[in-house]
Amino acid sequence: MDAVVFSAGTDGLRSDDLLGFFVGWPNPPSPDERLEIVRSADEVVVCTTADGLVVGFATAITDRRFAAYIPLVEVLPGHQGRGIGGQMVTALLERLRSCYMIDLVCDDDVVPFYERLGGTRLNAVA
Ligand SMILES: CC(C)(COP(=O)(O)OP(=O)(O)OC[C@H]1O[C@@H](n2cnc3c(N)ncnc32)[C@H](O)[C@@H]1OP(=O)(O)O)[C@@H](O)C(=O)NCCC(=O)NCCS
């Protein structure tokens, strides 16, 4: 795998960097909306290759004390299955370690990915 760097925050992130994500979404946000969504998050982890390609990002909304919600974990399709998603979630969880509860909602097929990172399948109402 190409060398990648994990960083916190959105310094230098541009809307064009987020073009290849949100694959398969019925109504994906526009590139400018994507940037606004990521910049508005309380915690962000971005994964970038040595030549500056953004290959993944993960966000959290949190009060930093009690609750956190992880709305977005996205890896570029061509870079999936190389450990990037797992490392981004691990970095995000470390930044949220003061929280009592950290939740996310995902499709059934992704549950094992989060269980391997310590998650537990519970019930949710959406
Ligand atoms: C889910 C996602 C973030 C995982 O990132 P990743 O970099 O591919 O994950 P890792 O390489 O750290 O881990 C890969 C493991 O996760 C599991 N996994 C990931 N996505 C999966 C999926 N859609 N279905 C089944 N298993 C999946 C696999 O077991 C895989 O293990 P393997 O490599 O032995 O097959 C990434 O696939 C992605 O961006 N998917 C599209 C967006 C999405 O579904 N995000 C989650 C929303 S909550």
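Here, the structure is the one placed above.
Residues numbered from 1 in each chain as written. Predicted model: local features only at pLDDT ≥ 70, side-chain atom pairs only at ≥ 80, totals over all residues. Heavy atoms only, no water.

Caption draft 1: Spatial organisation of the pattern of salt bridges. Evaluated as defined, the whole model comprises 5 salt bridges. Measuring nitrogen to oxygen at the nearest pair gives 2.5 Å for the salt bridge that ties R64 to E43. Note that R64 is positioned in the loop between strand 3 (54–62) and strand 4 (67–75) and E43 in strand 2 (residues 43–49), a separation of 21 residues in sequence. Across the pair R95 and E43 runs a salt bridge whose closest N-O atoms are separated by 2.6 Å. (Salt bridge = Lys/Arg side-chain N within 4 Å of Asp/Glu carboxyl O. Helix = DSSP H or I, 4+ residues; strand = E, 2+ residues; numbered from the N terminus.)

Caption draft 2: Focus on the layout of surface pockets. Within this model, the largest pocket holds a volume of roughly 790 Å³. For the lining of the largest pocket, the elements supplying multiple residues, two or more each, are strand 4, helix 2 (84–95) and helix 3 (111–116). When its residues are assigned to classes, the lining of the largest pocket shows 16 nonpolar, 6 polar and 5 charged. A volume near 610 Å³ is recorded for the second largest pocket. Forming the boundary of the second largest pocket are 21 residues, of which D103, L104, T120, R121 and L122 lie nearest the centre. Mapped by element, the contributors of at least two residues to the lining of the second largest pocket are strand 4, helix 2, strand 5 (101–103) and helix 3. The greatest single-element share of the lining of the second largest pocket, amounting to 3 residues, is contributed by helix 3. Grouping the amino acids of the lining of the second largest pocket by side-chain chemistry returns 13 nonpolar, 4 polar and 4 charged. (1 Å grid on protein atoms, 1.4 Å probe; cavity = no way out; pocket = protein on both sides within 12 Å on 5 of 7 lines; lining within 4 Å. Points joined across faces, edges and corners; volume = space filled by probe spheres on them. Nonpolar A, V, L, I, M, F, W, Y, C, P; charged D, E, K, R; others polar.)

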